[in-house]
Amino acid sequence: MKIKVLFMIINMNVGGTEKALLNMISIMPRQEFEITIFMLEKSGGFLNYIPDWVHVKSFNDYHEIKSVINEPPLKVIKTLLKKANVFEAVLLFLIHVYSALTKERSLLYKYLLHKYPNEGEYDIAVAYAGPMDFISFFIANKVIAKKKIQWIHFDITKIGFNNKFSFKIFRRFDKIFVVSDEGKAKLINKLPSLNEKIETFKNIVSNVNIQGLANQGEGFKDNFNGIRILTVGRLSAEKGQDLIIPVLAKLKGEGFNIRWYCIGEGAAREEYENLIIRYGVEEDFILLGSNPNPYPFIKQCDIYVQPSRHEGYCITLTEAKYFNKPIVSTNFTGANEQLNQNETGMIVEVNSKDIYLAVKKLLTDKSLQIKFTKNLENESDSRTNNHFKIVDL
């Protein structure tokens with residue numbers, strides 16, 4: 001009999017968490033697993049990458065409660081009053097007051113979900129989207145499963161982690177997987193009494209899959225004959241693209257024949273476009289937009305830079321390693337587990353100055369580029385079939 005597994009996630013936008021889920025499913029044999037992906041919103045650039053044997057479901061009523069979860073309480077209450085929903089407005093006001101006093105939102109989620117039936121029965125149910133309170137609450141309260149898993153994909157010290165809520169909900173899970181050893185240590189520090197439930201489960205990257213995808217598509221089309229630097233990630237403050245725009249401007253001012261490309265889309269695009277104009281690098285800092293297949297670009301670039309302010313376990317960093325690229329990365333959670341300092345890459349502090357110095361060193365020291373590439377070629381592939389952890393449950 002197949003193991004029935006439910007993965008709950010926000011959507012299938014092009015991002016590291018969603019990619020990690022697809023990679024894990026790719027090593028879970030269909031003859032052993034019956035997999036369902038349950039999304040809050042059925043959307044995203046990775047939707048078409050879900051294998052056809054995987055069941056796809058969505059929370060059809062999420063649109064009715066999304067604003068209550070995500071928007072400021074006063075805005076929601078004013079909207080209800082304008083619609084003459086006085087009773088609901090007063091009730092929500094009281095619930096928000098209670099949530100503010102208790103510093104956690106369990107009562108709000110319970111109210112929003114009280115009329116919805118349970119979401120089926122499974123052998124394993126996974127709150128996969130990381131520490132998003134609503135998904136954790138939903139799996140804990142609205143899914144029947146023999147075993148329940150909470151997955152943490154982010155640096156909990158950077159995202160407003162709610163200790164009280166997390167302890168209350170996470171203790172009802174059988175396992176709590178964190179995607180890096182450093183991230184695991186941070187979670188244990190926050191929730192020491194749940195120590196025995198917490199394990200490291202590093203994101204899976206399929207070398208075979210990404211090498212195959214790298215041969216599809218055209219990659220760069222601008223016929224640039226200088227050094228191409230690449231960064232992949234959502235356009236947002238946490239990914240740090242604002243740090244590298246002045247780096248490019250300074251290097252260009254020193255005469256380096258380089259062009260910097262960013263793959264990804266996000267809410268910070270307009271801010272970054274203004275920064276690009278401000279630093280006068282419109283011709284050489286290229287925002288390529290979102291692309292579910294960045295691998296032709298990674299394969300063709302000369303240097304890969306990951307300027308993130310925080311990560312859980314950066315998949316794109318591992319992917320760049322598989323293409324044996326000289327790498328500069330900021331010192332986010334998990335970076336030291338992915339790169340050996342000055343052997344397979346350079347890890348620097350999260351600021352423009354240190355990124356500039358590291359990139360300049362690579363540009364002026366060809367032997368260092370060769371060293372990093374050679375060491376990456378010789379680095380053993382230590383990936384494991386982590387799906388056995390799932391089976392062991």
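Bear in mind the structure is a predicted one, so any value in this text is a computation, not a measurement.

*Asks:* Explain the packing of aromatic side chains to me, please; I cannot follow it from the model alone.
*Replies:* In this description, a pair of aromatic rings is defined by centroid distance and the angle of the planes. Applying the stated criterion across every chain, the model contains 22 aromatic pairs. When the ring of Phe134 is compared with that of Phe138, the centres are 6.3 Å apart and the planes differ by 50°; the resulting orientation is tilted. Separated by four residues within a single helix, Phe134 and Phe138 lie in helix H6 (residues 133–142), roughly one turn from each other. Residue classification places Phe138 among the buried residues on the basis of a relative accessible area of 2%. Each ring, one from Phe220 and one from Tyr261, has its centre 4.4 Å from the other, and the planes form 55°; the classification is tilted. With a gap of 41 residues between them, Phe220 in the loop between helix H9 (207–214) and strand E8 (227–232) and Tyr261 in strand E9 (residues 258–263) connect regions that are remote in the sequence. On the accessibility criterion, Phe220 (11% relative accessible area) is buried. Against the face of Tyr122 rests Lys4, its NZ or CZ located 5.4 Å from the ring centre. Geometry around Tyr356 places Lys250 over its ring, the cationic atom sitting 4.3 Å from the centre.

*Asks:* Any chance you could explain the pairing of strand E5 (residues 144–152) here in plain terms?
*Replies:* It is a general feature of regular strands that their side chains alternate between the two faces of the sheet. Note: strand E4 (residues 121–127) against E5, six bridges, orientation parallel. Considered in E5, the bridge of Ile124 is made with Lys147. In terms of strand pairing, E5 meets strand E6 (residues 175–178) through four bridges, oriented parallel. Within E6, the position partnered with Ile149 by the bridge is Lys175. Between the parallel elements E5 and E6, the chain passes through helix H7 (residues 163–170) in a crossover that is right-handed.

The rules behind each value
Residues numbered from 1 in each chain as written. Predicted model: local features only at pLDDT ≥ 70, side-chain atom pairs only at ≥ 80, totals over all residues. Heavy atoms only, no water. Phe/Tyr/Trp six-rings, centres within 6.5 Å; stacked < 30°, edge-to-face > 60°. Helix = DSSP H or I, 4+ residues; strand = E, 2+ residues; numbered from the N terminus. Buried < 20%, exposed > 50% of the residue type's maximum accessible area, 1.4 Å probe, protein only. Lys NZ or Arg CZ within 6 Å of the ring centre and 35° of its normal. Pairing = 2+ DSSP bridges. Right-handed = clockwise from strand over helix to strand, strands pointing away.

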